[in-house]
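Here's the letter readout for the chains.
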Amino acid sequence: MKKANLLIFLVLPLFCLAQSFQLKGKISNEKSPLEWADISISNSEGKIIDGTTSKQDGSFEINLKKGNYKIGISLLGFADFEKEISVEKDTDLGIIFMKESETHLVEVVVQSKKKTIEQKPDRLVYNLENNVTNVGGDALSAINTAPGVVVQNNAINILGKGTSRVMIDGRMIELTGEELNNFLKSISASDIKNIEIISNPPAKYEADGTGGLINIVMKKGARDSWKNTTTASYDQNKYGIFALRNNFFYNKNKFRFSASINGKTGYRNIEENLDMYFVEGPSKMKAVTKLDEDNVSGKIALDYDFSEKTTIGFQILKDKSNPNFNTDIRIDNYNAQNELNNYILNESFLDRESGNETYNLHLITKLDPLNRKLSFDVDFFNYNSKFDREFIANNYSSDETFVDVNQSGRNISNQDIDNLSFKADMEHPFQALNLSYGAKVSFTNSKSDAVFYNTITGTPVLDTNQSNQFEYTENNQAIYVSGDKKINEKWNLQMGLRLENTQTNGFSKTLNQETINNYFKLFPTVFASYQKNENNSFSLNYGKRIRRPSFSLLNPFRVYISSNSYSEGNPFLKPSFSDNFEFAYSYKKILRTSVFANYITDGYGVIFTSNPETLTQIVTRENYFKGLNYGIGETYSATFADWWESENSLYFSSSDIKFIKDINATPVNGLQFDFSTNNTFSLGKSSKLQVDFNYTAPYKSGLYETGYTSSLNIGFKQDLLNKAMQVSFLINDIFNTSYLKNDVSVVNGVKQVYSQNESNRFARLTVVYNFGNKKINVKERAFGNQEEKKRAN
């Protein structure tokens, strides 16, 4: 803590306030004062440094330091006003008369079509509403349609860079893996404004996530309006899934409110295959699961402007799921001559409940005339899961004669995770550079237990060797400082440093085993950009990242997947670290080239081992590798005709992975190839056709060889009732080729081949109905406090 306190003292000094003067005036037309006019102040470089809006009487006030500026005023329905001014003392501009536009509309609705992909200095912005296939979908499926992002094996990856963490409105979701995916499925895609892909995040953001961050930006209501959207959708795969969602937005004067509720019910079919090639002969498993998709979720958000300088708000998200499932498993055991020796029939039922609660309280305030802004966030997150699985496995001879009971058991486990965090961020602009700094503290407590009963005799008998109680705490303190400087009209530089101090403690009550891991790390970031001209721009960035194990992976309990397969955690797992480099080139903002490399140390992952004596698969996790991932990516945005828009990406990546632990396996490395094309065809003013295709070639990386995946999706949307209603139809993964297939690993001389198909092929019918008062949709101007305005609206 002494080091942390010293760094806080060094990077968070108190700055003296420079003398400032008041600039004021009144906005009016020929008849009356004008309220809500946007006033912006630009410096000599043309950069907007401050701004405000006119009050009810048309007046405005801005405090500025001595200097020369340009004032700009805009208001819907009026011609823009610009004037150069010199501020050497308190200045009154008097009454500024605005001239009405030549075409004066009594009722105005401003609609601007955003590009599907927008390239910003440190992130790629994906406007998913342009893609018809997202209508009626959820957040996870929307992320999977974003360029350069794939969802596979319960992990969200930025291609060639690794696993990414997910944020909502800039706030980290404290979940990973399957738990994160289930949470994202509870969020409606219609709630999402856009998705930001931040492959190398600045120092302001958490350093967790090897592949960077995916930030989901939720929709906010337009000023002085209210709107309600109701969405009903039905998916048909082997079974059916029905979803009903409602979103409400209200925005008036100083008050902004939004609420949504989502419900989903139905079933999904999952098929899995696992082949294990033992010396004695292969063992082949096929599992068919009927998964219950019942889920209810909701969100409430409220913001209130106490004054022009201060806004306070809160947000609540809740989710409740009952993903129960029935699984039928057949395991065929062969001899060395590939003749069937015997087989096992395994029937199991899982009774499962899971829930999330997220609470956020935030305050944003402008401190002084120098436009310093301070924001506070308090977040509380809870995740709980109850897992109760009963199974019985019977042995049969090759002639289908019942032999005996192979195994019968009941596996019960519960997990409860609490996270409380406090964060403060300061934006501190100077004439020389824009400085930002802040701090965050986070407290996590995870409790989990697993109990296994052997029920082979018909009477449950507690097996203490397969039962465990585990408690885990993780505390993290972080501070950061970041500065960006526009060197000249062409060059921009940003540098940052984040310090994170972490203390973890894992305690197994059953084993009486305690694992402590404390570490103090620095995470530097550097961004440099060069704007050669209007058509050509270049950027280079570097950042150090960390990937922390999820809480469930640290628990040494055993959970049975089937009678011959179980998974167990590892309390000794350590975080892995990566150094990420990226060089990017943009041509006319339609062609983007990215060359990237990331070097990973202490990498951890899943290892599939096996026990030849019991023909059992064991799923474990270890820090077992290090290595380099590198590649090149191309993204091309094209408008081939007024009726045809296309987004295309092509990635080549490779790896050089080495094992740092003896796991009795040999690393394999090779080239990975990914291609996707998303095409939107306008069939008139109210109809759209969407045709998307993606393909990932077979590839090798580290311990695994993975087969190809591909998907062809076709969607159609029809606007009705003057766009108040939309009807859409989607056929997803027409040829049923998007599932994980032929995932191969060889450990201890035993080859294992795994495939999983999760009902990605389905047909979806969606009906969306909008109503409300949306007559005024105010055009925004990018003030210096634009980020805070977006967050407050």
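Before reading on, note that the structure itself is shown above.
Worth saying up front: this structure is predicted, and the values here are computed from it rather than measured.

Attention now goes to the overall build of the protein. Within the protein, the regular secondary structure consists of four helices and 48 strands. For 793 residues, the compact-globule estimate of 2.2 N^0.38 gives 28 Å, and the protein sits close to it at 29 Å. Taking the principal axes of its C-alpha atoms as reference, the protein extends roughly 100 × 65 × 50 Å. With 793 residues in all, the protein has 50% of them scored as buried. Counting contacts in the protein only where the partners sit at least 6 residues apart, residues at least 24 apart contribute 64% of the total.

What follows concerns a nonpolar patch on the surface. A cluster of nonpolar residues, Ile-300, Phe-314, Leu-361, Val-378, Phe-380, Leu-420, Phe-422 and Phe-443, forms a patch on the protein surface that exposes about 600 Å² of accessible area. Mapped onto the nonpolar patch, the elements with two or more residues apiece are strand S25 (373-397) and strand S26 (402-429). Relative to the helices and strands, Phe-422 is located in strand S26. Classification of Phe-422 by relative accessible area gives partly exposed; the value is 36%.

What follows deals with empty space enclosed by the protein. Under the counting rule described, the total for this entry stands at ten cavities of 30 Å³ or more. Estimated volume of the second largest cavity: approximately 370 Å³. Lining of the second largest cavity is provided by 25 residues; of these, Arg-165, Glu-174, Asp-208, Glu-474 and Phe-551 occupy positions nearest its centre. Mapped by element, the contributors of at least two residues to the lining of the second largest cavity are S26, strand S27 (434-454), strand S29 (468-486) and strand S30 (491-508). For the lining of the second largest cavity, the per-class residue count stands at six nonpolar, nine polar and ten charged.

On to the pairing of strand S13 (residues 165-168). Side chains Arg-165 and Met-167 of S13 all project onto a buried face; the interleaved residues Val-166 and Ile-168 project onto the opposite face, where all are buried too. Alignment of S13 against strand S16 (residues 213-218), held across four bridges, turns out to be parallel. Paired with Ile-168 across the bridge in S16 is Ile-216. Across two bridges, the pairing between S13 and strand S14 (residues 171-172) is antiparallel. Within the sheet, the bridge partner assigned to Met-167 lies in S14 and is Met-172. Hairpin connection, S13 to S14: the antiparallel pair is bridged by two residues, and Asp-169 has positive phi, about 50°.

Attention now goes to the packing of aromatic side chains. For any two aromatic rings, the description comes down to two numbers: the centre-to-centre distance and the angle of the planes. Applying the stated rule across the entire model yields 27 aromatic pairs. On the basis of an interplanar angle of 40° and a centroid distance of 6.2 Å, the ring pair of Trp-226 and Phe-248 is categorised as tilted. Of the two residues, Trp-226 is situated in strand S17 (residues 225-236) and Phe-248 in strand S18 (residues 240-252); the sequence distance between them amounts to 22 residues. Exposure remark for Trp-226: the relative accessible area of 32% places this residue in the partly exposed category.

This paragraph deals with the sheet that holds strand S1 (residues 21-28). Taken together, three strands build an open sheet; the order of strands is S4-S1-S7 and the sheet is mixed. Edge positions in the sheet fall to strand S4 (59-64) and strand S7 (91-97), since each of these pairs with one other strand and no more. Taken over all neighbouring pairs, the strand axes of this sheet differ in orientation by 20° on average, direction set aside. Inspection of the sheet shows S1 paired to S4 by six bridges, in the antiparallel sense. Each residue of the ladder has a partner; that of Phe-21, found in S4, is Leu-64.

Conventions we followed
Residues numbered from 1 in each chain as written. Predicted model: local features only at pLDDT ≥ 70, side-chain atom pairs only at ≥ 80, totals over all residues. Heavy atoms only, no water. Helix = DSSP H or I, 4+ residues; strand = E, 2+ residues; numbered from the N terminus. Rg over C-alpha atoms; globule rule 2.2 N^0.38 Å. Buried < 20%, exposed > 50% of the residue type's maximum accessible area, 1.4 Å probe, protein only. Contact = heavy atoms within 4.5 Å. Patch = residues over 30% accessible without salt bridge, like charges linked within 9 Å, V, L, I, M, F, W, Y side chains within 5 Å. Areas by Shrake-Rupley, 256 points an atom, 1.4 Å probe, with all protein chains shown as cover. Salt bridge = Lys/Arg side-chain N within 4 Å of Asp/Glu carboxyl O. 1 Å grid on protein atoms, 1.4 Å probe; cavity = no way out; pocket = protein on both sides within 12 Å on 5 of 7 lines; lining within 4 Å. Points joined across faces, edges and corners; volume = space filled by probe spheres on them. Nonpolar A, V, L, I, M, F, W, Y, C, P; charged D, E, K, R; others polar. Pairing = 2+ DSSP bridges. Phe/Tyr/Trp six-rings, centres within 6.5 Å; stacked < 30°, edge-to-face > 60°. Axes fitted to C-alpha atoms, helices over the stretch in contact; angles between N-to-C directions.

These results come straight from atomic positions and should not be treated as a statement about function.
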